[in-house]
Amino acid sequence: MRTRFQQGLDELREKLLKMGGMAEQAVDRACQAYRERDLSLCHRVLENESQINAAERDIDGVALDLLAMQQPMAIDLRFILAVVKINADLERVGDQAVNIAERVMDMMELPPAELPVDVPRMASAASAMVQRALESFIEGKAELAQAVLEMDNVVDRMRDEAFISLVRTMNQNPAVTRQALDALLIARNLERVADHATNIAEDVIFWVRGADVRHSFGIQSTLGGAS
Amino acid sequence: MGVGIEVESLNAWFGATQALQDIGMRIAPNHATAIIGPSGCGKSTFVRCLNRMHETLPETRVTGKVRIGEMEVYGDGTPAVLVRRQVGMVFQKPNPFPAMSIYDNVAAGLKLNGFRDRRKLDEIVERSLRMAALWDEVKDALKKKSGASLSGGQQQRLCIARALAVEPNVLLMDEPASALDPISTGKIEDLIFQLKENYTIVIVTHNMQQAARVAEFTGFFLLGRLIEFAKTEKIFTNPSDKRTEDYITGRFG
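What follows is about the overall build of chain A. Looking only at helices and strands, chain A features 7 helices and 0 strands. Sequence-ordered secondary structure for chain A, helices as α and strands as β, is α-α-α-α-α-α-α. Considered along the principal axes of its C-alpha atoms, chain A spans approximately 65 × 50 × 20 Å. Taken across its 227 residues, chain A has 43% of its residues classed as buried. Taking contacts inside chain A between residues at least 6 apart in sequence as the whole, the part at least 24 apart equals 82%.

Per the secondary structure count, chain B includes 10 helices and 10 strands. Taking 253 residues into account, the globule formula puts the C-alpha radius of gyration at 18 Å, and chain B, at 18 Å, falls close to it. The proportion of buried residues among the 253 residues of chain B is 45%. Excluding contacts between residues fewer than 6 apart, the proportion of contacts in chain B whose partners are at least 24 apart in sequence is 68%.

Here chain A averages 93 in pLDDT, and 95% of its residues register 70 or above. Confidence drops under pLDDT 50 across residues 219-227 of chain A; counting only partners more than four residues distant or on other chains, this segment forms 0 contacts.

The next point concerns the environment of B:Val214. Residues and elements named next belong to chain B. Tracing the sequence through the fold places Val214 in helix α8 (residues 208-214). Using a count of 25 C-beta atoms within 10 Å as the deciding quantity, one classes Val214 as buried. C-alpha of Val214 to C-alpha of Thr232: the two residues are 18 residues apart in sequence and 9.2 Å apart in space. In this structure, Val214 is in contact with Ala32, Ala34, Glu189, Ile192, Phe193 and Ile203, ignoring residues within four places of it in sequence.

Many descriptions give the size of an interface as the accessible area lost when the pieces come together. In this complex, chain B contributes 11 residues to the contact, which on the side of chain A involves 11 residues. Elements supplying a minimum of two residues to the side of chain B that touches chain A: α8, α9 (232-237) and α10 (242-248) of chain B. Residue classes in the side of chain B that touches chain A are distributed as 4 nonpolar, 5 polar and 2 charged.

Residue and element names in this part refer to chain A. Ala30, Ala126 and Ala133 are the most contacted members of the largest nonpolar core, which totals 147 residues. Considering every element that reaches this core, the biggest residue donor is helix α6 (residues 177-209), with 16 residues. With sequence-adjacent residues up to four places away left out, Ala126 is seen in contact with Val27, Val155, Leu190, Val193, Ala194 and Ala197.

With 34 residues, helix α1 (residues 3-36) of chain A should cover 50 Å at 1.5 Å per step; its first-to-last C-alpha distance of 49 Å lies within 8% of that length. Phi for A:Arg37, located one or two positions after α1(A), is positive at around 45°.

All names here are of chain B. The antiparallel open sheet is built from 4 strands, whose spatial order is β2-β1-β4-β5. The outermost strands of the open sheet, each flanked by one partner alone, are β2 (17-27) and β5 (71-72). Most of the contacts of helix α1 (residues 43-50) go to β2, to which it runs at about 65°, and overall it touches β1 (5-14), β2 and β4 (60-68).

To continue, consider the sheet that holds strand β7 (residues 170-174) of chain B. All names here are of chain B. Pairing is mixed across the open sheet formed by 6 strands, whose spatial order is β6-β7-β8-β3-β9-β10. The sheet terminates laterally at β6 (87-90) and β10 (225-231), the two strands that pair on one side only. Each adjacent strand pair in this sheet contributes to an overall mean axis angle of 20°, direction not counted. Relative to β7, β6 runs parallel, the two sharing 4 bridges. Looking at the pairing, Val87 lines up with Val170 of β7. Along the sheet face, α1 touches β3 (32-36), β6, β7, β8 (200-204) and β9 (217-222) and points at about 150° away from the line of β8.

Residues and elements named next belong to chain B. Note: β1 against β2, 7 bridges, orientation antiparallel. Pairing of Leu10 across the sheet is with Ile23, part of β2. Counting the residues between successive antiparallel strands, the hairpin from β1 to β2 contains 2 residues, one of them, Gly15, with a positive phi of roughly 60°.

This paragraph deals with the packing of α1(A) against helix α2 (residues 39-70) of chain A. Residue and element names in this part refer to chain A. Where α1 contacts α2, the two axes come as close as 9 Å, and the packing angle between them is 160°. Considered as vectors, α1 and α2 are oriented roughly antiparallel to each other. The chirality of how α1 crosses α2 is left-handed. Residues belonging to the contact of α1 with α2 are distributed by class as follows: 18 nonpolar, 5 polar and 7 charged.

With that settled, consider the packing of helix α5 (residues 142-172) of chain A against α6(A). Residues and elements named next belong to chain A. Interhelical geometry of α5 versus α6 gives an angle of 165° and a closest axis separation of 9 Å. By the angle class used here, α5 and α6 are roughly antiparallel. The two elements α5 and α6 cross, and the hand of that crossing is left-handed. Looking at the contact of α5 with α6 residue by residue, the classes come out as 20 nonpolar, 4 polar and 6 charged.

What follows concerns the confidence of the model for chain B. Predicted confidence across chain B gives a mean pLDDT of 94, with 100% of residues reaching 70 or more. Scored as a complex, the prediction yields pTM 0.83 and ipTM 0.73.

Thresholds applied
- Residues numbered from 1 in each chain as written.
- Chains lettered and ligands numbered in written order.
- Predicted model: local features only at pLDDT ≥ 70, side-chain atom pairs only at ≥ 80, totals over all residues.
- Helix = DSSP H or I, 4+ residues; strand = E, 2+ residues; numbered from the N terminus.
- Buried ≥ 20, exposed ≤ 12 C-beta atoms within 10 Å, placed from the backbone.
- Contact = placed C-beta atoms within 7 Å.
- Rg over C-alpha atoms; globule rule 2.2 N^0.38 Å.
- pLDDT = per-residue confidence, 0-100.
- Nonpolar A, V, L, I, M, F, W, Y, C, P; charged D, E, K, R; others polar.
- Core = buried A, V, L, I, M, F, W, Y, C linked by C-beta atoms within 7 Å.
- Expected span 1.5 Å × (residues − 1).
- Pairing = 2+ DSSP bridges.
- Axes fitted to C-alpha atoms, helices over the stretch in contact; angles between N-to-C directions.
- Parallel < 35°, antiparallel > 145°, perpendicular 65-115°, else oblique.
- Left-handed = near helix turned anticlockwise from the far one by under 90°.

This is the structure:
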């Protein structure tokens, strides 16, 4: 048993989970800020971004050291590669939260408008995907990750619906165009969060099963539907 | 050209101790195949069975089939000397003939077989030393310097040249770089890569990174059995057997 190596892997796992918690919290805070029109929450999301960025660099450093010093093989090698990629996705999730917070800040300078989009519902769907993708990482279970892939279509559809109805609103009521545009961008940010959760789930499957399932889910489900 | 090796139901014993159990393997021609596994797993015994070196030790026994190209290695009419001429071997510790010149080291096998054509001999020595990537370093002192005067890495390449001189089809290497520094190791590995064009190579190594670097196929041995045999990428990224994974990730062995 390579004790030091195992400690290194454990350290990497813990750091990534902490990073995941921060990214998830950032998205939740940004969406709460949207619901409650809370400027202070927006500021907290912006302030915490630097911590997420620092965590990303830290994790990459630990992963690089393990690759260079321990020459990992097989499942360990796949684990470290998966961590490096999940790390990048989590950092991007943090960026999406910042974008959402900035849109909320913009909206708060404008009069509130009734918009035909259920941002909280979309936010909870995207957030649940991130949470479950991280759970699949903690448990090392490919089945949990697989379930996340299946959720992505739901969020994509919500984004499409939001797009159609918000464009209609902009045409019918140009006075709220800016608010509608902000909401549209938020919907797009949330859809991107769901995409990152999907990437994370794919990386977990790669780590656990050694199978590359990227860009194949749509094809598989189409084939499954045809049979 | 290299030829394929087919191993079927191979068993080997040291006295009453069975060192290999029911090994089956098809080794592809003109590729390098690595044999890995913990100490005592039978990997050296396995390669020594491929050129009938195992039987040179007292109280040993082999059953099963080994076919190298068209040759039945353990066939009734197959002399061991013929097998060893077709299957060259390089050992862990470079073992040039210390009193002989560089030239005579390379020519030794041919001279032993009664080869006397001086000009042809010169040609073969040069070609073998070139293939072993040693020619440029020794060409000016071929007959002046002894094999023992070379560095460890050069000595190992001299042994490879010596093995190549008798024009084998297969080259067995038992830990060929484990006594060498990283520069010499790199040279041997580059050499293995080039030699694959003309030879079938089987390399026993404790160094898994080395197996990953030089071999297209890898076999993992444990307690005298072949546990897994697959493409090297598969073995080192996603092995099928838990025991292979535990070994290559350092969880035992």
